[in-house]
Every structure is written in structure tokens, then in C-alpha cells.
Amino acid sequence: MAAGGVLWLAAALGPGLAAPRYSPDWASLDARPLPAWFDQAKVGVFVHWGVFSVPAWGSEWFWWHWQGEHRADYERFMQQRFPPAASYADFAPHFTAYDFQPHEWARLFQRAGASNIRYGLYHSLLEWFNPLYLSDKESGFKTQNFVLKKTMPELYDLVLKYKPDLIWSDGDWEAPDSYWNSTSFLAWLYNNSPVKDTVVVNDRWCNNCSCHHGGFYNCADKYKPGTLLAHKWEMCSSIDKISWGYRSNMHIDELMDVASIIEELVQTVSFGGNYLLNVGPTKEGVIVPIFQERLLALGRWLDTNGEAIYESKPWRVQMENSTDTVWYTSKGAVVYAIFLTWPQNSVLQLSVPTPSPATQVTMLGFAGTLQWQQPPGEGLLVTLPDAPPSPVRSQPGWAVRLEGVK
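Because the structure is a prediction, the values reported are computed rather than measured.

Rules behind the numbers
Residues numbered from 1 in each chain as written. Predicted model: local features only at pLDDT ≥ 70, side-chain atom pairs only at ≥ 80, totals over all residues. Heavy atoms only, no water. Helix = DSSP H or I, 4+ residues; strand = E, 2+ residues; numbered from the N terminus. Rg over C-alpha atoms; globule rule 2.2 N^0.38 Å. Buried < 20%, exposed > 50% of the residue type's maximum accessible area, 1.4 Å probe, protein only. Core = buried A, V, L, I, M, F, W, Y, C linked by side-chain atoms within 4.5 Å. Domains from an automatic or database assignment. Contact = heavy atoms within 4.5 Å. Expected span 1.5 Å × (residues − 1). Disulfide = S-S within 2.5 Å. Buried area = accessible area lost by both parts, 1.4 Å probe. Salt bridge = Lys/Arg side-chain N within 4 Å of Asp/Glu carboxyl O. Polar contact = N/O pair within 3.5 Å; in protein donor to acceptor, adjacent residues only side chain to side chain. Nonpolar A, V, L, I, M, F, W, Y, C, P; charged D, E, K, R; others polar. Pairing = 2+ DSSP bridges. Axes fitted to C-alpha atoms, helices over the stretch in contact; angles between N-to-C directions. Parallel < 35°, antiparallel > 145°, perpendicular 65-115°, else oblique.

Student: Explain the overall build of the protein here, please?
Tutor: Helix and strand content of the protein: 12 helices and 15 strands. The C-alpha radius of gyration computed for the protein amounts to 23 Å, which stays within 12% of the reference 22 Å derived for 406 residues, consistent with globular compactness. Viewed in the frame of its principal axes, the protein has a C-alpha envelope of about 70 × 55 × 35 Å. When burial is assessed residue by residue, the protein has 53% of its 406 residues classed as buried.

Laid out in C-alpha cells, this is it:
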């Protein structure tokens, strides 16, 4: 399975929560409040980096596509580039990380939009070809040799040694929680671990857990509910639309452009979610320039518009009725309207907010107040700058701050 990490980017971090005792059942575990820092953070960076970065071809599921599914394209790749008897384990010595610069990574992620960084770890419950796992699977998961000898000792060790703020679990889909011992682990994590008050987990802990149990909900990769959810959720996405790990055969048209990244972020946050954007480093530990460029562009946008994202809450309405290019967030009594296309004649029509005599409108990244008027019917018309500074006009999305509206 893919190995990697998660870095959550927070503009401000709240205090940890003092937790009560939790019992190893979903009714108790699901009642645990999510530590506040996660909802405040909104934006994170996902990193898929492992032995699959050595062949660096196809996707991070290289091993499974090659030796699990015996796909012809993967077998042909191996025949052309590696000795006939090569195994997946033979890739390991070439996973050198020679150019890995963790402080440079941290600086890059900060420039991608963070003033503080929370550290998380990805962990796969299953291993496709582990003999202990295959034996347990053969028994219909009535035995737990793999769980007791490998998965659970590894998870406890990860927490005790690295003390992550977030555990992004995966590889859960073939077996029930009674096989994985998920609830027992989470009860220990919440009650007795060194990160019990601050740790956050996702929902991939058993074959029927996703979107039902755990901490925040992933539900599925690149999940888009299209509506406001009552439960905290996350959308994980990848700059490379084909793979989560680095691959040498990617093409420019298979990568997300900046406008698409901003659109996903804005829609996700408006619907109450967090946005987790993935990059795959090379086997040497390099985040290639095109991935850096996308992250830095996201950071520049957040430098201007982060006020509408970080620590925000969904508003009573998440988007304009007539368009999917205007989205709303809020912070206390302040409402933010984030628009993804510059309107015709530089007049932004907002039909949802109800203005008052005290209404004041400003644009993030632009000095001064904006003129507005109330049209017949509902809403308000905001007159945007005719010729804003080029860095403001050229960015993929803008935000106006509305005070004194309902």
C-alpha cells in the first residue's frame, strides 16, 4: 500500500480538548468532539512517498497492478526496464531519499498557505501480499495473526514514537472492525495515548466505516457531497489527477491547474469540509517544480483571501442560486462572497444576502470600501474596482467581505 504523510496547515490553533473516557465501541468513539484545530485549518498537504516512487510509473498502486492484477502494461514496463527476476522488494535499495530536505518541505508547505503546521501520518491497515494477511483472509478473517503481529504493534509504535496530530487510516475495506481491532485502538488513542487531546483521525477503520464512523469523514477519494453535511468531512485531491505517487509518465494536461485547485478549495470549505491537496515526491525526495508551482500559487491566493477560508464556518446559504461561481463562508457576523469569475461590467450581483443601512462591503486584497446598491427584489449589487492592480485581477478567484448583512 501507499505510504505517506499528511501536513495540516493552520492559520490559528485552538487549545486541545480535555476528553472523557471512551469505550471501544462506535457509539462512544463517535461521540468524541473533534479537536478544534482541524476545522480551523481548512487546508492541508498530502504526501504519497514510498517504494512505489522507484519505478515511478502508472500510479502508487504499482505493486498491485503488476503482481496482483497482472496488467499487461505493468508487466511490459517491468520487462523493458528491470531484470527478469526482479521483485518489488528489489526497488527498496533505490529509494534513496538522497535529496530529501525536510526543512525545505516545511518552508514550501508554509508558503502554500500556512503559518503553523500540524503533522500527520498515513497508515494502511492491510498489506496486499503479506503472508500473515493472506492467511487471515483465507480463514475469512477468523484469525488475526496479521493484526496482532504486524498492524496493531505498528500503529501503537507510530503513535508512541512520532506523536502525530492526525492519523489518516486506509486499507480497511476488506475486513470488519472486529478483525482490525479498530475500536480498541481508538479507545486507547483517545484515552491514554500521548496525543489523546489533540489527535484527529479519519473514517477508514473497517469495511463499513467510511462515512459512518471515526473522526472526520473521507467517504471516498476526491469526495464531493454537493451539499452541507452535518458531520465534519474532508476532500482529498491530487495535483496529478491520475496518481497520488510521483510518476515519470505524467503529462501536463493530466495535472490540475491553479483555477481548478482554488475552485475545489472554495467549494469544499463552503460546504463545511477541509481540503487536502496531494503531491508525490521522487524517490530522491524532490517535490518537482510543477508541483511546487501549484502549491505556491495556492499560497499566494490564500495570502490575499485566507481570511475567507481559515477558521471560517459555512453560512446559511453556501452558493448563489443562479450560479456555481459564487460561494459563501462566514466568520461571526461577517459574510464572505467568493467569486471565481470576474463579472461583466465589474458589477457583482449577489441575490442571497439581505443588506441593511449599516452594510459595508470591502474586497480582500484591495484598499477602501466598495460601492453597492440594492436592486429591485432581493440582494445587492457590488461595484468592483474597474482596474484593480494586476496581481489582484489575474488571480483565480476573489472575495468580498460583507458586514451588516443577513
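Student: Help me out: how do you make sense of the nonpolar core in this one?
Tutor: Across soluble globular proteins, nonpolar side chains have a tendency to be buried as a group. Leu265 and Leu295 are the most contacted members of the largest nonpolar core, which has 47 residues in total. Among the elements of the structure, β2 (43-48), α5 (102-111), β6 (233-238), α10 (258-270), β7 (273-279), α11 (289-305) and β9 (334-339) are those that each provide at least two residues to this core. Two domains each put at least three residues into this core: domain 1 (26-50 + 95-308) and domain 2 (313-403). Beyond its immediate chain neighbours, meaning those up to four positions away, leucine 265 contacts Val43, Tyr275, Leu298, Trp301, Leu302 and Ile309. In terms of nonpolar packing, the next biggest core, distinct from the first, is built from 29 residues, Trp26, Trp180, Tyr190 and Trp205 among them.

Student: Any chance you could explain α11 here in plain terms?
Tutor: Two residues of an α-helix separated by three or four positions point the same way, owing to the 3.6 residues in each turn. The terminal C-alpha atoms of α11, which comprises 17 residues, lie 24 Å apart, in line with the 24 Å expected from a rise of 1.5 Å per residue. All of the buried residues in α11 are Phe291, Arg294, Leu295, Leu296, Ala297, Leu298, Gly299, Trp301, Leu302 and Asn305.

Student: Explain the state of the cysteines to me, please; I cannot follow it from the model alone.
Tutor: Disulfide: a covalent bond formed between the sulfur atoms of two cysteine residues. By the definition in use, this model includes 2 disulfides. Each sulfur in the disulfide pair cysteine 206 and cysteine 209 lies 1.9 Å from the other. Judged by the sign of its S-S torsion, about 100 degrees, the bond between cysteine 206 and cysteine 209 is right-handed. Residue cysteine 206 shares its accessibility class with cysteine 209, and that shared class is buried.

Student: So what exactly am I meant to see when it comes to the domain arrangement of the protein here?
Tutor: When the parts of a complex come together, some accessible area is lost, and that lost area is often used as the size of the interface. Here the domain parsing of the protein yields domain 1 (26-50 + 95-308) and domain 2 (313-403). The C-alpha-based centres of domain 1 and domain 2 are spaced at 33 Å. Both sides of the domain 1 and domain 2 interface together cover about 1600 Å² of buried area, and 64% of this is carbon and sulfur. Looking only at domain 1, the three residues that lose the most surface to domain 2 are Ser270, Glu307 and Ala308, adding up to 34% of its buried area. Summed over the shared surface of domain 1 and domain 2, the number is 2 salt bridges. The salt bridge partner of lysine 313 is aspartate 39, with a shortest N-O separation of 2.7 Å. Connecting domain 1 to domain 2 are 7 residue pairs in polar contact (both at pLDDT 80 or more). Counting residues per element, the side of domain 1 that touches domain 2 draws most heavily on α10, at 8 residues. Taken together, the residues that form the side of domain 1 that touches domain 2 break down as 9 nonpolar, 5 polar and 3 charged.

Student: Explain the sheet that holds strand β10 (residues 347-350) here, please?
Tutor: Within a sheet, neighbouring strands are paired by backbone hydrogen bonds and run either parallel or antiparallel to one another. Pairing within the open sheet is antiparallel, and its 3 strands lie in the order β10-β14-β13. Either end of the sheet is taken by a strand with one partner, and the two such strands are β10 and β13 (372-373). Pairing of β10 with strand β14 (residues 380-383) involves 4 bridges; the strand directions are antiparallel. What sits directly across from glutamine 349, in β14, is leucine 381.

Student: Can you walk me through unusual backbone geometry in this structure?
Tutor: Across residues other than glycine, the phi torsion is negative in most instances, and most of the peptide bonds are trans. Unlike most non-glycine residues, asparagine 181 shows phi in positive territory, near 60 degrees. With respect to the element layout, asparagine 181 can be found in the loop between α8 (177-180) and α9 (182-191). Even without being a glycine, lysine 222 presents a positive backbone phi close to 55 degrees. Tracing the backbone shows lysine 222 in the loop between β5 (200-201) and β6.

Student: Sorry if this is basic, but what is going on with the pattern of salt bridges here?
Tutor: When charged atoms on two side chains of opposite charge get close, those side chains can pair. Evaluation of the coordinates by the stated rule reveals 20 salt bridges. For lysine 150, the salt bridge is made with glutamate 154, and the minimal N-O distance between the two is 2.8 Å. Taken together, the positions of lysine 150 and glutamate 154, both in helix α7 (residues 145-162) and 4 residues apart, correspond to about one turn of that helix. On the accessibility criterion, lysine 150 (16% relative accessible area) is buried. For glutamate 154, a relative accessible area of 30% translates into the label partly exposed. A single network of salt bridges, built from pairs that share partners, joins Asp39, Lys42, Lys232 and Lys313.

Student: Where do I start with the sheet that holds β9 in this structure?
Tutor: One open sheet holds the 5 strands; their spatial order is β8-β9-β15-β11-β12, and the pairing between them is antiparallel. Looking along the sheet, the strands with just one partner apiece sit at the ends: β8 (326-331) and β12 (366-370). Taking each pair of neighbouring strands and ignoring which way they run, the sheet shows an average axis angle of 25 degrees. α10 contacts β8 and β9 of the sheet and is inclined by roughly 50 degrees relative to β8.

Student: Help me understand the environment of glutamine 349, please; the structure alone is not making it clear to me.
Tutor: You can see glutamine 349 is positioned in strand β10. Given a relative accessible area of 55%, glutamine 349 falls into the exposed group. For the pair formed by glutamine 349 and leucine 381, sequence separation is 32 residues and the distance between their alpha carbons is 4.7 Å. Apart from residues no more than four positions distant in its own chain, glutamine 349 is found in contact with Glu320, Leu380 and Leu381.

Student: I would appreciate a short explanation of the packing of α5 against α11 in the present structure.
Tutor: The geometry of a pair of packed helices is captured by two quantities: the angle between their axes and the separation between those axes. For the pair α5 and α11, the least separation of the axes is 7 Å and the interaxial angle reads 45 degrees. Relative to α11, the element α5 is oriented oblique. Two secondary-structure elements touch here, α5 through Leu108, Phe109 and Arg111 and α11 through Gln292, Leu295, Leu296 and Gly299. When its residues are assigned to classes, the contact of α5 with α11 shows 4 nonpolar, 2 polar and 1 charged.

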